[in-house]
Amino acid sequence: MRCDVEEILRVENLRKSFGKNEVLKGISFTVNKGEVVSIIGSSGSGKSTLLRCINQLEEPTSGAIYFEGENLLGEHVNIRKARAKMAMVFQSFNLYNNLNALKNCTIGPVKVLGISEEEAKKRAVENLEKVGMAEYVNAKPSQLSGGQKQRVAIARALCMEPALMLFDEPTSALDPEMVEEVLNIMIALAKAGQTMIVVTHEMQFAKDVSSKVIFVDKGIIAEEGSPKEIFENPRENRTREFIKKVY
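Computed from a predicted structure; not experimentally measured. (Residues numbered from 1 in each chain as written. Predicted model: local features only at pLDDT ≥ 70, side-chain atom pairs only at ≥ 80, totals over all residues. Heavy atoms only, no water.)

## Observations concerning the pairing of strand 2 (residues 21-32)
Defined as follows: DSSP calls a pair of strands paired once it identifies at least 2 bridges connecting them. Going along the chain from the N terminus, every DSSP run of H or I of four or more residues is numbered as a helix, and every run of E of two or more is numbered as a strand.
With 9 bridges joining them, strand 1 (residues 7-18) and strand 2 adopt antiparallel strand pairing. Pairing of Ser17 across the sheet is with Glu22, part of strand 2. What sits between the antiparallel neighbours strand 1 and strand 2 is a turn of 2 residues, in which Gly19 has the positive phi angle 60 degrees.

## Description of the packing of aromatic side chains
Note the cut-off: Think of it this way: a Phe, Tyr or Trp ring, Trp meaning its six-membered ring, pairs with another when their centres are within 6.5 Å, and the plane angle makes it stacked under 30 degrees, edge-to-face over 60, tilted otherwise. Using a 1.4 Å probe on the protein chains alone, a residue whose accessible area is under 20% of its type maximum counts as buried, one over 50% counts as exposed, and one in between counts as partly exposed. Look at NZ for Lys and CZ for Arg. If either is within 6 Å of the ring centre and within 35 degrees of the ring normal, a charge sits over the ring.
Summed over the entire model, instances satisfying the criterion amount to 2 aromatic pairs. Taking 5.0 Å as the distance between ring centres and 25 degrees as the angle between the ring planes, the aromatic pair formed by Phe215 and Phe242 counts as stacked. You can see Phe215 sitting in strand 9 (residues 212-217) and its partner Phe242 sitting in helix 9 (residues 237-246), a full 27 residues away along the chain. Phe242 shares its class with Phe215; the two are buried. Centre to centre, the rings of Phe231 and Tyr247 are 5.2 Å apart; their planes meet at 65 degrees, and the pair counts as edge-to-face. Here the residue Phe231 occupies a position in helix 8 (residues 227-232), and Tyr247 occupies one in the segment after helix 9, the gap between them amounting to 16 residues. Judged by its relative accessible area of 41%, Tyr247 falls in the partly exposed class. Against the face of Phe18 rests Lys16, its NZ or CZ located 4.8 Å from the ring centre.

## Some words on helix 9
Selection rule: Picture the helix axis, draw a direction to every C-beta atom, and the arc is the one those directions span. Contacts were defined at the residue level, with two residues in contact if any of their heavy atoms lie within 4.5 Å.
Regarding helix 9, the residues found buried are Thr239, Phe242 and Ile243. Angularly, the buried residues of helix 9 cover 95 degrees about the axis, an arc narrow enough to put them on a single face. Facing away from the buried surface of helix 9 by more than 90 degrees, the exposed residues are Asn237, Glu241, Lys244 and Lys245. At its buried positions, helix 9 is contacted by strand 3 (36-40), helix 7 (203-209), strand 9, strand 10 (220-225) and helix 8.

## Some thoughts on the pattern of salt bridges
To keep it simple, the criterion reads: Salt bridges are counted wherever a side-chain nitrogen of Lys or Arg sits within 4 Å of a carboxyl oxygen of Asp or Glu.
Under the criterion given, the structure shown has 14 salt bridges. Among the ionic pairs, Glu232 bridges to Lys207, the shortest N-O distance being 3.4 Å. With Glu232 in helix 8 and Lys207 in helix 7, this residue pair connects regions lying 25 residues apart in the sequence. With a relative accessible area of 47%, Glu232 lands in the partly exposed category. Lys212 is the partner of Glu224 in a salt bridge, and the nearest nitrogen-oxygen pair spans 3.7 Å.

What follows is the structure in C-alpha cells.
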C-alpha cells in the first residue's frame, strides 16, 4: 500500500452480506487527516453498516480496511487498540445509564487507554466543558434531554483523543430543536481539525462542513465528490434525484 502520511483510512472493495442479502457491494474510498467525510443516501442503502464495518462492530465479508497503514482485516490485528483510536458516536447515544456524565467519560480512558483516574477526570471535565455540559457532570442519562445525552456521548468520544471519529446519524433520534446544538459542536470539531466520517440526513451540514460527500445507493458508492459537485452539479441521475428529494 502507498504510504501517504496524510491518509488515515483507506477502504478497499468492502463487502458485507447478511445471509444471502449483500448490503455492501464493493465500497472503496479514502479519508485524509483533518477531513470531514459525509456519507449520505436513503435509509437502507448500507451507510450505517459501512460505518459499523469500519470499526469492526460488524465483520466484513471481504475487502480491506487500512487504518493508519494497518489492514484491520489482516491476521493478528489488535482490533481493541485500533478501535480505541476510532471513536464512535451512535444515534441512540449508548451511554451507561447507571453512571453519571463524568463517569461515562472517564471509564474508557481508564480501562482502555490505561490512564490514571485523575488524568481521566481532568480530560473528562475539559471535554464536557467543550460541549457545554460542564454543569451536568453528576447527572445520569435519565436526567438529561436527548441533545444533552448526545453531547455527553461526543465528550466521551473526545476523551479517547481519537485519530478518527465516526458519527452514525448523531441527530436522528433528537427533537428538532436539539439537532442544532449537536450540529454546532460537530461544526466546531471540524473547524478544530478533527478527522470525521459522518453518516447523516442533515444535508445542510453535509454541504457546509464536509471536505467530501459520498452518496451511497443500494450498497455501492454511486458518486463521491466535493459538496459543491454533489449538491450543485451531480453527474449521476440517481444522485440528482436523491438531492432533489431531500434538499
